[in-house]
Amino acid sequence: MKNKVALIFGYNDYALEIAKNISDKYSEIYIYSLHSEQDILKNKSNFEIRSLDLSDNWEGINENFDFENSIAFCVLENSAENVFLTISLRSLFHHLHIIALSNNKETANKLQMAGANKVIPLVQTTAEMIAEMMEKPIVKEVFHKILFESGELKITQVKINANNEYIGRGIAELDWNHKYGVIPLSMVHEDMKSEFIYSSKIKHHIIQEGDMFVIVGYETCIGDFEKLIGSRYDVNWCNWSR
Amino acid sequence: MNYFSRVIVDFVYFIHTADAYQHKKRLVYDILENSRYHYKKYFDIFMITLIFMSVAILIAEVKHEVPSEIKFFNSYVISIIFFIEYILRFWISSSVCEIIISKSEHDAMLGREFSLSRAIIKVIKAKLSFIFSFKAIIDLLAILPFFHELRLLRLFVLFRVFKLFRYATSFQIFASILYTKKFEFLILFMYASIVISVSSILIYVMEANNPASKVNTLFDAVYWSIVTIATVGYGDITPITTEGRVVAMGVIFAGISLIAFTTSIVVSALTEKLDDIREIKTIEDIRKLKGFYLICGYENVAQEVAKKLKDGVANIIVLDEDVHRLAQAKKDGLVALNYDPGDVQSYKIIGIDLNTQVKAVLCLRESDVENVYTTLTVRSISKSVNIVSLLMDDSNRNKLTFAGVNEILYPKGLVGMISKELIGRPVAFEVIHALRNDYYGVNVEEILVDDRMSQKIIYVNELNNAKFRIILLGIYKKDKKRFFFNPIDGTALETGDYLLIIGKSIFIKEFEKYLHKKIKHEK
């Protein structure tokens, strides 16, 4: 039986914050360090630190891991090493889901080229948050609550099941906000690309079985809505790209 | 201290602590000298107008008969206004009270008998230094046309033009620039004096005894010499002897080098001071700005934040003591000043009012030590200004809070939260991310419900947002600090509410226009 694990490459504050935040989803989290001897000594967290070198010797992690459902975070502080690590992981583990951290646009592009499924552009993301704090403080507060805090308001994706009453009707006829208290924001295509609900591209789309929508609503409303209209559908994020 | 001195010192203390007196003196100072005082510019414009009127009247008088009322206005009214201004400047030039008090306290501290006569001498010295200052002399000469009957004194009207120095900052800047080259100008003056003296004497010696020559006196020789060295050459006096012409050739060469030397001094002074001039202009412009963001430290995050805020057409001022980062800010098209954001003096020099002019201070150095220091500096100047700071190490969070930061952004924590969302709800996360960043032209905006809007649009169903393909995500009630998601049609709109809407940017603009049009239409 292979295990679903989270592998974090690099021992630093980013690694520890990531480990802390994903610990409820992954029971096995391993932090790999290039300087494991020193880091093991100063480690005060509960996470296991393992040794890593950037050679092609991956016997240490190539054990009983279910790579298709596991995830790797590349957060080495040196950009070149981070890119090298990403390309090494991708060349060996084709189905591993890799999230990498970048400090600038140039590195972000290289990380994507190296095979990272998702790149978190640290500087841009931080700047976006600050700019939003300044220019749209209410948007920031509401979205922060929806995304990062465990409030009643949730955002999720639902899939239209067979025999649904909306099958065969146009997008414009969706009245879920009045009927069920949930607001559809976008429709997700088969290639996982989303389209805003009022965009001209899907304006004339006829709803079919299997169509997927991103909706916002209170937890209770979403629960009731799922029972009536479809089912919560957790997208495998590794297939997702914007 | 004798009785008389005591009475004088007591009286001086009384005046010095009298609020009404100090308030009036402060007001006069602000109007006459304080360039940051809002109403000073109106006073300056008024005085400049008087100067131009005075000069225009002088010119008109040359060939035309000017009405007696205008003559009276020029000779008496304008002169009296200038005289009052002179007296007020004399008053505020130094504080008699402060000098006497300082002398009295100084003597008391040293255990000496207070000498009123010495204090008065100090006062006289201070006032004389004003009277003999260049600007005060010009002011005094500008009053002289008051004695209009003396024809020669009418020309003193022209001194009024020099008064423009007081009111036009650019003149003062130019004069101060030239003043920095005073040593070079002194050498130039000595060089010109030597050439003029030698050539005048030579031409006088060579030409004065020749009946055909127009050089008859030493004054003629000096006049010819100055006209020639200035490369003007009127031609009214010319040397006719060979020796005289040889002297003329020498003076011409000296004149060319003199002009070249003068030009190069002025140009080099201007070039050297160009950055200073720009900075003075920038500071003047900043003082007039309202509602801008003050970015302290221009590192990576600050660069991106500035880019984002600039896209939203926000005014941004950058303060950084590092010249390389400053150059980058200027390259990015921002107004940037080379001042240390952690120094109180910087804000005093720039003259920013943090309470009224600044929307928020962004401490974006990638060092908690620097951000804490800057925050404390800003907080020591303003208790109310909104301060946002980056936090690099979570263990320093309480230090930033204690220093007075209103909002903290911790990038490492943000990465942790994003990671959690990416493995939990990737599609939802991406949708929100796309909305926040205006990808595909779809945006999320907040619209303030103002007084007028809340009077005309009572309920949510009157918004007609669906017609504009706009999603009303909810209403944020600021007074209750609560967000009402997907409000029902009968929800009442109140002043101060915010509508959170999602839609194509172009439709959002149309929707906003519609909301305001609707109000106008129904009015």
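See the structure above.
About the thresholds
Residues numbered from 1 in each chain as written. Chains lettered and ligands numbered in written order. Predicted model: local features only at pLDDT ≥ 70, side-chain atom pairs only at ≥ 80, totals over all residues. Heavy atoms only, no water. Pairing = 2+ DSSP bridges. Helix = DSSP H or I, 4+ residues; strand = E, 2+ residues; numbered from the N terminus. Axes fitted to C-alpha atoms, helices over the stretch in contact; angles between N-to-C directions. Buried < 20%, exposed > 50% of the residue type's maximum accessible area, 1.4 Å probe, protein only. Disulfide = S-S within 2.5 Å. Contact = heavy atoms within 4.5 Å. Buried area = accessible area lost by both parts, 1.4 Å probe. Salt bridge = Lys/Arg side-chain N within 4 Å of Asp/Glu carboxyl O. Polar contact = N/O pair within 3.5 Å; in protein donor to acceptor, adjacent residues only side chain to side chain. Nonpolar A, V, L, I, M, F, W, Y, C, P; charged D, E, K, R; others polar.

Novice: Can you walk me through the sheet that holds strand 5 (residues 387–390) of chain B in this structure?
Specialist: Sheet strands pair via backbone hydrogen bonds, and the direction of the pair is either parallel or antiparallel. All names here are of chain B. The six strands are arranged 3-2-1-4-5-6 in an open sheet whose pairing can be described as parallel. Both edges of this open sheet fall to strand 3 (335–337) and strand 6 (407–409), since each of them pairs with a single strand only. Across the sheet, the mean angle separating the axes of adjacent strands is 20° when strand polarity is ignored. Note: strand 4 (residues 358–363) against strand 5, three bridges, orientation parallel. Within strand 5, the position partnered with V361 by the bridge is I387.

Novice: Is there a simple way to explain the side chain of T375 of chain B in this structure?
Specialist: Relative to the elements of secondary structure, T375 of chain B occurs in helix 18 (residues 368–381). A relative accessible area of 0% places T375 of chain B in the buried class.

Novice: Just checking my understanding: could you explain the state of the cysteines for this structure?
Specialist: The term disulfide refers to a covalent linkage connecting the sulfur atoms of a pair of cysteines. All names here are of chain B. Under the counting rule described, the total for this entry stands at zero disulfides over all chains. Left without a disulfide partner, C296 is nearest to the cysteine sulfur of C363, which lies 5.0 Å away. Among the residues examined, C296 registers a relative accessible area of 1% and is labelled buried.

Novice: Even after reading the chapter, I still don't get the pairing of strand 8 (residues 182–188) of chain A, so can you show me in this structure?
Specialist: Residues in a regular strand project their side chains so that they alternate between the two faces of the sheet. Residue and element names in this part refer to chain A. A large share of strand 8 lies buried, amounting to seven of its seven residues. Bridge count for strand 8 against strand 10 (residues 212–218) is six bridges, and the pairing is antiparallel. Across the sheet, V182 pairs through a bridge with G217, a residue of strand 10. As judged from the three bridges shared by strand 8 and strand 9 (residues 194–196), these two strands associate in the antiparallel manner. Bridge pairing links M187 to E195 in strand 9.

Novice: Honestly, the environment of A230 of chain B in this entry has me stumped. Any pointers?
Specialist: Residue and element names in this part refer to chain B. Examined against the element boundaries, A230 turns out to sit in the loop between helix 13 (218–229) and helix 14 (242–288). Overall, A230 belongs to the partly exposed group, its relative accessible area being 32%. Here the alpha-carbon distance between A230 and N355, two residues 125 residues apart in the chain, equals 56 Å.

Novice: When you look at the interface of chain A and chain B in this model, what are you seeing that I'm missing?
Specialist: The partner chain B presents 68 residues to the 69 residues of chain A that form the contact. Of the roughly 6,600 Å² buried between chain A and chain B on both sides combined, carbon and sulfur atoms contribute 71%. For the chain A face of the interface with chain B, the top three residues by lost area are I138, F143 and Y198 of chain A, together amounting to 11%. Inspection of the region where chain A meets chain B yields four salt bridges. The closest approach of N and O atoms between D13 of chain A and K412 of chain B, which form a salt bridge, is 3.3 Å. The interface formed by chain A and chain B contains ten residue pairs in polar contact (both at pLDDT 80 or more). Ranked by the residues each element gives to the side of chain A that touches chain B, the list is headed by helix 5 (residues 122–135) of chain A, at 14 residues. Its residues assigned to classes, the side of chain A that touches chain B shows 41 nonpolar, 14 polar and 14 charged.

Novice: I'm lost on unusual backbone geometry in this one. Help?
Specialist: Most peptide bonds take the trans form, and the phi angle of most residues other than glycine is negative. Residues and elements named next belong to chain B. A positive phi angle, close to 60°, is found at N464, a residue other than glycine. Counting through the fold element by element, N464 comes out in the loop between helix 22 (451–456) and strand 8 (471–477). Relative accessible area serves as the criterion here: at 34%, N464 is assigned to the partly exposed category. Positive phi is not limited to glycine here, since N486 has a value of about 45°. Classification of N486 as buried rests on a relative accessible area of 13%.

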